[in-house]
Amino acid sequence: MFYAWAAQAAVISLATVVAWSGWGAAPWPMLYGGLVSLANAGLLVWRWSKGVTQFHSDGQRHLRSFHRSMLERFFVVVMLLAAGFAVGLFDAAFRPLPMLIGFIVGQLAWVIAAAALRTN
């Protein structure tokens with residue numbers, strides 16, 4: 001999963017550079033949106049690495065762990081995106097559309113990298 005996270009970071013960086021140089025889009029909001037998706041995947045990788053080392057066979061404990069992880073990631077993404085939108089209210093150069101595009105590119109990069117690098 002760490003390799004998928006690293007691939008996601010590389011795709012976000014590449015997309016930001018391409019958007020900045022090719023289309024003249026503002027790079028900072030796009031990079032910020034990508035970093036939000038990177039934080040989301042980072043929390044997932046962190047939980048996964050903890051789960052690899054801690055074995056137990058309690059189904060209720062697994063469900064609580066899954067639920068907590070989902071809520072943590074949801075609230076981190078919501079708060080970070082809300083902070084980005086708040087910055088956009090005060091800074092005209094920090095537009096919301098490039099931020100959302102960066103977030104979507106990061107999420108798609110995570111899904112594709114995790115599926116492509118999956119090992120059985």
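Structure's up top.
Conventions used here
- Residues numbered from 1 in each chain as written.
- Predicted model: local features only at pLDDT ≥ 70, side-chain atom pairs only at ≥ 80, totals over all residues.
- Heavy atoms only, no water.
- Helix = DSSP H or I, 4+ residues; strand = E, 2+ residues; numbered from the N terminus.
- Expected span 1.5 Å × (residues − 1).
- Buried < 20%, exposed > 50% of the residue type's maximum accessible area, 1.4 Å probe, protein only.
- Arc of directions from axis to C-beta.
- Phe/Tyr/Trp six-rings, centres within 6.5 Å; stacked < 30°, edge-to-face > 60°.
- Contact = heavy atoms within 4.5 Å.
- Core = buried A, V, L, I, M, F, W, Y, C linked by side-chain atoms within 4.5 Å.
- Polar contact = N/O pair within 3.5 Å; in protein donor to acceptor, adjacent residues only side chain to side chain.

A. Just helix α4 (residues 96-116), in detail. Taking 1.5 Å of rise per residue, 21 residues should cover 30 Å, and α4 covers 30 Å from first to last C-alpha, within 8% of that figure. The complete set of buried residues in α4 reads Pro 98, Met 99, Gly 102, Phe 103, Gly 106, Ala 109, Trp 110 and Ala 113. Taken end-on, α4 shows its buried residues confined to a sector of 145°, consistent with a single buried face. Facing away from the buried side of α4, by more than 90 degrees, are the exposed residues Leu 97, Val 111, Ile 112, Ala 115 and Ala 116.

B. Focus on the packing of aromatic side chains. Enumeration according to the criterion identifies four aromatic pairs in this entry. Taking the centre distance of 5.9 Å and the plane angle of 40° together, the rings of Phe 2 and Trp 5 count as tilted. Here Trp 5 and Phe 2 lie together in helix α1 (residues 2-22), a separation of three residues that amounts to about one turn. Relative accessible area serves as the criterion here: at 26%, Trp 5 is assigned to the partly exposed category. Three or more aromatic residues link up through ring pairs in this structure, and these residues are Phe 2, Tyr 3 and Trp 5.

C. Structural detail: helix α3 (residues 59-90). Its 32 residues place the ends of α3 47 Å apart at the C-alpha level, agreeing with the 46 Å of an ideal helix rising 1.5 Å per residue. Taken as a whole, α3 has its buried residues at Ser 69, Val 77, Leu 81 and Gly 84. Against the buried residues of α3 lie α2 (27-53) and α4.

D. Spatial organisation of the nonpolar core. Counting six residues, the largest nonpolar core consists of Val 36, Val 77, Leu 81, Phe 94, Met 99 and Phe 103. Looking at this core, the elements that each hand over two or more residues are α3 and α4. In this structure, Leu 81 is in contact with Val 36 and Met 99, ignoring residues within four places of it in sequence. Grouped together as the second largest cluster of nonpolar side chains are five residues, Ala 4, Ala 41, Val 45 and Trp 110 included.

E. Representation of the side chain of Asn 40. Inspection of the secondary structure assignment puts Asn 40 in helix α2. Asn 40 gets classed as buried once you look at its relative accessible area, which sits at 9%. Among the polar contacts made by the side chain of Asn 40, one reaches the side chain of Arg 73 at a distance of 3.2 Å. Other than its neighbours up to four places away in sequence, Asn 40 contacts Arg 73, Val 77 and Gln 107.

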